[in-house]
Amino acid sequence: QVQLVQSGGGLVQAGGSLTLSCAASVRTFNIFSMGWFRRAPGKEREFVAGILWSATSTYYADSVKGRFTISRNNTKNTVYLQMNSLRLEDTAVYYCAGRRGNYRSTRENEYTYWGQGTQVTVPS
């Protein structure tokens, strides 16, 4: 059973930065493709960022491109989401997700494992 445990999150002023972490309880983390999604109040969960086996293979939703950075540390079995220049519209519950294999995946149903979610709030 693979578990994804998230940490980070909280309240940050507009323009500020925050880093989310997601640790996987699996020895073969290096063969997992990972992603971050978010669900804003009253909206469906949406893709934010993804990373393949190679830490240099990353991709982003247009809404966060240039502001957010996804990265991974395979020795720590952890994926990160560095969020800069945060905006009011970034307020959401953020989820990490994982799947075996080296796939570029932007849809929820392409991922097998999910973190518990963590709240990020950018107050108005």
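Heads up: the structure comes first, above all this text.
Residues numbered from 1 in each chain as written. Predicted model: local features only at pLDDT ≥ 70, side-chain atom pairs only at ≥ 80, totals over all residues. Heavy atoms only, no water.

Re the pairing of strand β1 (residues 4–7)
Along any regular strand the residues' side chains alternate between the sheet's two faces. As a reminder, the rule being used: Relative accessible area decides the class of each residue, using a 1.4 Å probe on protein chains only: under 20% of the type maximum gives buried, over 50% gives exposed, and in between gives partly exposed. Think of it this way: any DSSP run of H or I at least four residues long counts as a helix, any run of E at least two long counts as a strand, and we number them from the N terminus. Strands are treated as partners if at least two bridges between them are detected by DSSP.
Every second residue of β1 is oriented toward a common face, the buried set being L4 and Q6 and the non-buried set V5 and S7. With four bridges connecting them, β1 and strand β3 (residues 18–24) associate as antiparallel partners. Across the sheet, Q6 pairs through a bridge with C22, a residue of β3.

Quick word on the environment of Y95
Put simply, the rule is: Here, two residues are considered to be in contact whenever any of their heavy atoms come within 4.5 Å of each other.
As for its position among the elements, Y95 is in strand β9 (residues 92–100). The sequence separation of Y95 and A40 amounts to 55 residues, and the corresponding C-alpha distance is 11 Å. If we ignore the near neighbours within four places in the chain, the residues touching Y95 are Q6, G35, W36, F37, R39, R45, W114, G115, Q116 and G117.

What to know about the pattern of salt bridges
Applied cut-off: Whenever Lys or Arg places a side-chain nitrogen within 4 Å of a carboxyl oxygen from Asp or Glu, that contact is recorded as a salt bridge.
Summed over the entire model, instances satisfying the criterion amount to six salt bridges. D90 is the salt-bridge partner of R38, the closest N and O atoms lying 2.9 Å from each other. Taken together, the positions of R38 in strand β4 (residues 32–39) and D90 in the loop between β8 (78–83) and β9 put the pair 52 residues apart, joining distant regions of the chain. Since its relative accessible area comes to 6%, R38 is described here as buried. Residue R45 pairs with E108 through a salt bridge whose shortest N-O separation is 2.8 Å. Of this pair, R45 sits in the loop between β4 and β5 (46–51) while E108 sits in the loop between β9 and β10 (113–114), placing them 63 residues apart in sequence. With relative accessibility at 31%, the residue E108 sits in the partly exposed group. Three or more residues joined by partner-sharing salt bridges are found here, namely R38, E46, R67 and D90.

Section: the nonpolar core
In summary, soluble globular proteins display a tendency toward joint burial of nonpolar side chains. Inclusion rule: Nine residue types can take part in a nonpolar core, namely buried Ala, Val, Leu, Ile, Met, Phe, Trp, Tyr and Cys, and a core is a set of them joined through side-chain atoms within 4.5 Å.
Formed by 37 residues in total, the largest nonpolar core has its most connected members in W36, L81, M83 and Y94. Counting only elements with at least two residues in this core, the list comes to β3, β4, β5, β6 (58–60), β7 (68–73), β8 and β9.

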